[in-house]
Amino acid sequence: AFTHVFTFGPTFRAENSQSRRHLAEFYMVEAELSFTESLQDIMQVMEDLFKTATSTVLSKCPRDVELFHKYVAPAQLFFFFFSSCCRISYNEAVEILKQASQAFTFKPEWGCDLQTEHEKYLVKHCGEVPVFVINYPYDLKPFYMRDNEDGPQHTVAAVDLLVPGIGELCGGSLREERLPFLESRLQRLGLTDIYQWYLDLRKFGSVPHGGFGMGFERYLQYILGVDNIKDVIPFPRFSHSCLL
């Protein structure tokens, strides 16, 4: 068994979206950490990954980055290096959005997913610094995210990292390693047979663990200041772009 693992490769997305920050196929860095029971550990690795990768880009490709910051968008990534990240709960995020003077296309309500306009407002509200949003509603997230066993507003140990100009850059969680919790949730969702192999992984041995994914093209958008995600990938694939 390995304690810390990662993968970097193509990811496919079936949603019918043609926004400036979505692709049907994109690249993702995915990391998984064993023997962790704290979202703080996951958030620290997210932050370290971003800072280490960006430091390497700046040291090895300074002229390329300078070109983008000169002709495309002013530098913004340095906020991440010299400022502390803001940390708020999903509950706090919803209250901030409800009290905003700004009119949103999608009305913020507890139990609803945060839209791009909400994410960008939260970053602005926190001073244009990266924002960690933690503890999302139980019914909003996938079955494998760890139940916080709280109430009356039931949540899971999930975290999203929001950054200026983009919104969500990373998403992750502690994973549910407790077999009875997984069995109960999959049964309610009617997915027990489909995910029996997943249950077996926990049945025959597991440890507390967690992980996250970071969209590579969104990362490039952020550090280079590029507005449209289709401009940071050689062959962009998105809904209705490959008609046969």
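Refer to the structure above for everything that follows.
Residues numbered from 1 in each chain as written. Predicted model: local features only at pLDDT ≥ 70, side-chain atom pairs only at ≥ 80, totals over all residues. Heavy atoms only, no water.

1. Regarding the packing of aromatic side chains
For the structure on display, the rule yields 13 aromatic pairs. Pairing Tyr90 with Trp110 gives two aromatic rings, centres 5.8 Å apart and planes at 80°, and the pair type is edge-to-face. In this pair, Tyr90 is assigned in helix H4 (residues 90-98) and Trp110 in the loop between H4 and helix H5 (116-125), connecting sequence segments 20 residues apart. Judged by its relative accessible area of 30%, Trp110 is partly exposed. When the ring of Tyr195 is compared with that of Trp197, the centres are 6.2 Å apart and the planes differ by 40°; the resulting orientation is tilted. Judged by relative accessible area, Trp197 falls into the exposed class, the value being 52%. Grouped by ring-pair contacts, the aromatic residues Phe8, Tyr27, Phe50, Phe216, Tyr219 and Tyr222 constitute a single cluster. (Phe/Tyr/Trp six-rings, centres within 6.5 Å; stacked < 30°, edge-to-face > 60°. Helix = DSSP H or I, 4+ residues; strand = E, 2+ residues; numbered from the N terminus. Buried < 20%, exposed > 50% of the residue type's maximum accessible area, 1.4 Å probe, protein only.)

2. Topic: the pairing of strand S4 (residues 131-137)
Burial runs high along S4: five of the seven residues are buried. Summarising the sheet, S4 and strand S5 (residues 155-163) pair through six bridges and their orientation is antiparallel. By the bridge assignment, Phe132 is partnered in S5 with Leu161. (Pairing = 2+ DSSP bridges.)

3. Regarding the pattern of salt bridges
Under the definition given, this model contains ten salt bridges. Notably, a salt bridge pairs Asp160 with Lys141, separated by 3.8 Å at the nearest N-O pair. Highlighted residues: Asp160 in strand S5 and Lys141 in the loop between S4 and S5, separated in sequence by 19 residues. Here Glu177 and Arg146 are joined by a salt bridge, their closest N and O atoms 3.0 Å apart. In this pair, Glu177 is assigned in the loop between strand S6 (167-174) and helix H6 (179-189) and Arg146 in the loop between S4 and S5, connecting sequence segments 31 residues apart. Ionic contacts of the salt-bridge type, sharing partners, join the residues Glu47, Lys51 and Arg87 into one network. (Salt bridge = Lys/Arg side-chain N within 4 Å of Asp/Glu carboxyl O.)

4. Focus: the nonpolar core
One broad trend across soluble globular proteins is that nonpolar side chains are buried collectively. Met46 and Leu169 are the most contacted members of the largest nonpolar core, which has 32 residues in total. In this view, Met46 contacts Phe132, Val159, Leu161, Cys170, Gly171, Gly172 and Phe212; residues no more than four positions away in its chain are not counted. Of all hydrophobic cores here, the second largest spans 23 residues; its members include Cys86, Leu114, Tyr138 and Leu162. (Core = buried A, V, L, I, M, F, W, Y, C linked by side-chain atoms within 4.5 Å. Contact = heavy atoms within 4.5 Å.)

5. Observations concerning unusual backbone geometry
The phi dihedral of Asn135 is positive, around 60°, even though this residue is not glycine. Of note, Asn135 is situated in strand S4. Its relative accessible area of 25% is what places Asn135 among the partly exposed residues.

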